[in-house]
Structure formats: C-alpha cells, structure tokens
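# Residue-level structure breakdown
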Amino acid sequence: YIINDLADLEYDRQHPLKRKRPIPSGRISVKRAVALSVLLTASGLLTGWLFFGAKIAGLYMAFIILNLTYSFAAKRTPYLELVMNTITHPLRAVMAFALISQPVQPLLLVAYTFFILGLMTVRRVVEKDVSGWEARRTLLRYSRGVMLGIKFVSLLVVVLLAALDEHRHLPLNAVMLLIYI
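The structure presented is a predicted model; accordingly, all values stated were derived computationally and were not measured. Each chain carries its own residue numbering, running from 1 in the written order of its sequence. It should be noted that, the model being predicted, local features are given only for residues of pLDDT at least 70 and side-chain atom pairs only at 80 or more, the latter also being counted only at that level, while totals for whole chains, interfaces and linings use all residues. Hydrogens and waters are ignored; side-chain quantities use all the structure's heavy atoms.

Moving on, we get to the overall build of the protein. Looking only at helices and strands, one finds nine helices and zero strands in the protein. Runs of H or I in DSSP of at least four residues are treated as helices and runs of E of at least two as strands, each being numbered from the N terminus. Going residue by residue from the N terminus, the α and β elements of the protein occur as α-α-α-α-α-α-α-α-α. Overall, the protein is about 55 × 45 × 20 Å in size when its C-alpha atoms are taken along their principal axes. Expressed as a percentage of the 181 residues in the protein, the buried residues total 37%. Note on contacts: a residue pair is in contact if any heavy atoms of the two residues lie within 4.5 Å. Residue pairs at least 24 apart in sequence account for 63% of intrachain contacts in the protein once pairs closer than 6 positions are excluded. Positive charge is attributed to Lys and Arg, negative charge to Asp and Glu, and no charge count is given to His or to the chain ends. To locate a charge, the coordinates of NZ of Lys, CZ of Arg, CG of Asp or CD of Glu are taken. Positive and negative side-chain charges of the protein, numbering 21 and 10 respectively, have mean locations separated by a distance of 6 Å. A simple rule labels every residue: compare its accessible area, found with a 1.4 Å probe on the protein chains alone, to the largest value its type can have, and call it buried under 20%, exposed over 50%, or partly exposed in between.

This is how it looks when you write it as structure tokens:
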C-alpha cells in the first residue's frame, strides 16, 4: 500500500479524501515512506521464506511484482487495471492451497477469478457514484456497455464452471453465485 500511495501521490493530493492520508498530506515524508516500504517488503520476504519456505516466498515475490506493475503501469490503463487488480485474488487462493499442501483446484480457481473480476467491475461502476472519483481518471474511460458485458460474461463463466465442476465444490460455487447475483 505504501508503494501504491507513492505511485499515486500527485493524484491523491487532488482527491478530497485521499489528500488527508499521511503521505499526500506530508505527515510522512516521501523519503521515509520509501524507506519503510523497502524495510517492510524485505521483512515480509525474509519471514515468508524462513517460516514457509521458498515456494511461499516466491508467491510473495509474485505479489510484489504484480503490485509494482499495477501501481506504476497498469493502474492508469482502463480494463488492464481491472484485470491486474483481479489477479491478486486467485493468487491468494494459490497461496492458501500451497500452505495446506493441497493441489490447486483449476476449475474452482478459474471460477473464483471470474467471480472477482465481476465484483471488481461492479466496484468500478459504484466508485463513479462517490464524490471525488474524478481524481481516478481511469474511471472516465470505462464504458457502461463494456462494464455490463464484463459482469455478464463473468457470471456466465462462473455458472458454466460450477456446472462443469460436478458438485465437487458445491458450497463454494453456491456462495460465489449467491454473492455475485
């Protein structure tokens, strides 16, 4: 989040709520924020590796790479930022499977990915109703028709994959469908 705050510093200074956050307001200097970010990232990687091994540390690194890509490149590109924001969620599920030493369930993981993509799309639509959304310029370039299409296709994929799953993960698929609807 510190990295994201640093990447958005100029935008956040213009936002009516975000400009009061510690970095945009100047309560925490950029130099200190960078130092804290490096310290926390290095600590996370080290403790992840020490407590859980190389596989989990590798997944931590994937999160860092995705965060950097999102914060400094994809965030300002419509639809790509939506996909990049979505990708971290199934990665969390992959990490959960790795922590409990279970194989990843591919159909469930893909269904979960589209479930999250649909929710992220709804979130972007709702964000436009919040005062100050104009500071997030990417929202200006989202088309209502395309957003509706993404939500519909996402729901369709979740339903289809739930049907193909042959009730192996019925409770999880049912929860995803109920929440999504």
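Definition used in this section: a nonpolar core is a set of buried Ala, Val, Leu, Ile, Met, Phe, Trp, Tyr and Cys residues joined via side-chain atoms within 4.5 Å. Leu-82, Phe-115, Tyr-142, Met-147, Ile-150 and Met-176 are the most contacted members of the largest nonpolar core, which totals 17 residues. Elements with a contribution of two residues or more to this core: helix H7 (106-127), helix H8 (144-164) and helix H9 (170-180). Considering each element in turn, this core owes the most residues, six residues, to H7. In this structure, Ile-150 is in contact with Tyr-79, Leu-82, Leu-117, Thr-121 and Tyr-180, ignoring residues within four places of it in sequence. Ranked by size, the runner-up nonpolar core spans 10 residues in total, among them Phe-63, Tyr-70, Ala-74 and Met-95.

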